[in-house]
Amino acid sequence: MKKVYPIIIKQSGKDFLVFVPDMEIYTEGKDEFDAIAMARDAIGLKGIEMEDMNVALPEASTYAGAIALAKKDADENFDFSDGLLTFVDVDFAAYRNKLRNRAVKKNCTIPYWLNEKAEAMGLNFSKVLQNALMEQVGEQN
């Protein structure tokens, strides 16, 4: 499922703060590009969480609706309503697949002699472990 959501970016010092009104998400980036990437990532994570909980994804606000939500959210510390409003697209299926295939670090213990022989052969430990695990679980990606 693909959706587009409005985000509002506002610089605060050296940081670029982001508000995603439709999902009540706050994030930040070191520049505008990073802020947009962080918003896309945050929307993707929250959207997948919502899907997993069988909660419908919110419909995207219009420009005026996003500004109204930002004004409603404003407090004495920060007001996003005068920030830069742009839109971010998120492909939730692609995002879920990306997360599913990300690397996860695992520690394992092997005998010293086996380590020596495998290193002498130039084996890639991660690849050998992945192949063995895929054989055990019966899946290939």
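Everything numeric here is computed off the predicted structure, so don't read it as measured data.

Draft legend 1. Up close: the pairing of strand S2 (residues 15-20). A large share of S2 lies buried, amounting to five of its six residues. With five bridges connecting them, strand S1 (residues 2-12) and S2 associate as antiparallel partners. The residue bridging Gln11 from the neighbouring strand is Phe16, located in S2. Between S1 and S2, which pair antiparallel one after the other, the connecting turn spans two residues, and Gly13 there sits at a positive phi close to 65°. The pairing of S2 with strand S3 (residues 25-29) spans five bridges and is classified as antiparallel.

Draft legend 2. Here's a closer look at the sheet that holds S1. Pairing within the open sheet is antiparallel, and its four strands lie in the order S3-S2-S1-S4. Either end of the sheet is taken by a strand with one partner, and the two such strands are S3 and strand S4 (84-91). Neighbour-to-neighbour, the strand axes of the sheet open up by a mean angle of 35°, direction not taken into account. Across the face of the sheet, helix H1 (residues 32-52) comes into contact with S1, S2, S3 and S4 while running at roughly 145° to S3.

Draft legend 3. How the structure looks around the pattern of salt bridges. Scanning all chains against the criterion turns up five salt bridges. Three or more residues are tied together by salt bridges with common partners; here these are Glu51, Asp52 and Arg96.

What counts as what
Residues numbered from 1 in each chain as written. Predicted model: local features only at pLDDT ≥ 70, side-chain atom pairs only at ≥ 80, totals over all residues. Heavy atoms only, no water. Buried < 20%, exposed > 50% of the residue type's maximum accessible area, 1.4 Å probe, protein only. Helix = DSSP H or I, 4+ residues; strand = E, 2+ residues; numbered from the N terminus. Pairing = 2+ DSSP bridges. Axes fitted to C-alpha atoms, helices over the stretch in contact; angles between N-to-C directions. Contact = heavy atoms within 4.5 Å. Salt bridge = Lys/Arg side-chain N within 4 Å of Asp/Glu carboxyl O.

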